[in-house]
Amino acid sequence: MKKLLFILLLFSGFAVKAQHDPNDQIMSTNWDIIGGVDFKIVKDTEMLAVYTPEIKKHANKPFELEGYMVPIKDGMKQTKFMLSTLPINQCFFCGKNGVPIMVLVELAEPIKFTYQTIVIKGTLKLNSGNAMDNPPIVLSNAKSI
């Protein structure tokens with residue numbers, strides 16, 4: 001149940017409020033497209049992404065996002081990480097801050113971790129399976145530009 005709640009919050013795109021510097025948040029048309037994804041809970045262990053027609057138009061095509069790296073593994077060089085609209089030093093889970101929109105990035109070549117924003121371009125993949133097992137939105141075969 002905790003895993004379900006975490007994944008739901010991770011990708012639901014709740015409005016971010018109060019406990020961060022609003023100037024740090026990345027806003028763009030492409031992030032708005034990603035933020036339109038909703039979720040349907042099938043049972044306690046299964047949740048499916050509900051994709052808008054807008055995001056479906058971009059599926060399996062090149063897609064570009066600017067954001068902040070959120071590592072999922074230790075190390076200074078990263079090939080697989082989450083890309084967020086807020087920097088990692090913002091408190092994602094405390095107070096009224098909410099959870100920012102995130103996508104999984106799979107790079108073709110590793111890049112060095114940074115606290116600065118990065119621009120990533122890759123193929124937008126929409127996973128139709130259980131969002132509890134796999135992130136519903138992925139930028140695959142991506143590169144930093």
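Everything here concerns the structure above.
Notes on the structure in this doc start here.

What follows covers the sheet that holds strand β7 (residues 137–144). Paired through their backbone hydrogen bonds, the strands of a sheet run either parallel or antiparallel. Read around the barrel, five strands follow the order β3-β4-β5-β7-β6 and close on themselves; strand pairing throughout is mixed. Pairs of neighbouring strands in the sheet enclose a mean axial angle of 45°, with direction left out of account. The sheet contact formed by strand β5 (residues 102–112) and β7 spans three bridges and is parallel. From the neighbouring strand, V105 faces β7, where its bridge partner is L139.

Right, let's get into the environment of M27. Turning to its location among the elements, M27 is positioned in the loop between α1 (2–12) and α2 (29–35). The exposed category is assigned to M27, whose relative accessible area is 67%.

What follows deals with the pattern of salt bridges. Here the structure, examined in full by the defined rule, presents two salt bridges. With a shortest N-O distance of 3.0 Å, K57 and E54 are connected by a salt bridge. Look at E54 and you get partly exposed, because its relative accessible area is 34%. K80 is paired through a salt bridge with E106; the nearest N and O atoms lie 3.9 Å apart. Within this pair, whereas K80 is found in strand β4 (residues 77–84), its partner E106 is found in strand β5, the two being separated by 26 residues in sequence. For K80, a relative accessible area of 37% puts it in the partly exposed group.

Conventions used here
- Every chain is numbered independently, its residues counted from 1 as its sequence is written.
- Thresholds applied to this predicted model are a pLDDT of at least 70 for local features of residues and 80 or more for the giving and counting of side-chain atom pairs; totals over whole chains, interfaces and linings are not thresholded and use all residues.
- To obtain the side-chain values, all non-hydrogen atoms of the structure were used and water was disregarded.
- At least two bridges found by DSSP between two strands are what make those strands a pair.
- Secondary structure counts use DSSP, requiring at least four H or I residues in a row for a helix and at least two E residues in a row for a strand, with both numbered from the N terminus.
- For helices, the fitted axis covers only the stretch in contact; all axes are lines through C-alpha atoms, and the angles between them, taken along N-to-C directions, range from 0 to 180 degrees.
- Residue exposure (1.4 Å probe, protein chains only): buried if accessible area is under 20% of the type maximum, exposed if over 50%, otherwise partly exposed.
- A pair is scored as a salt bridge if a Lys or Arg side-chain nitrogen falls within 4 Å of a carboxyl oxygen belonging to Asp or Glu.

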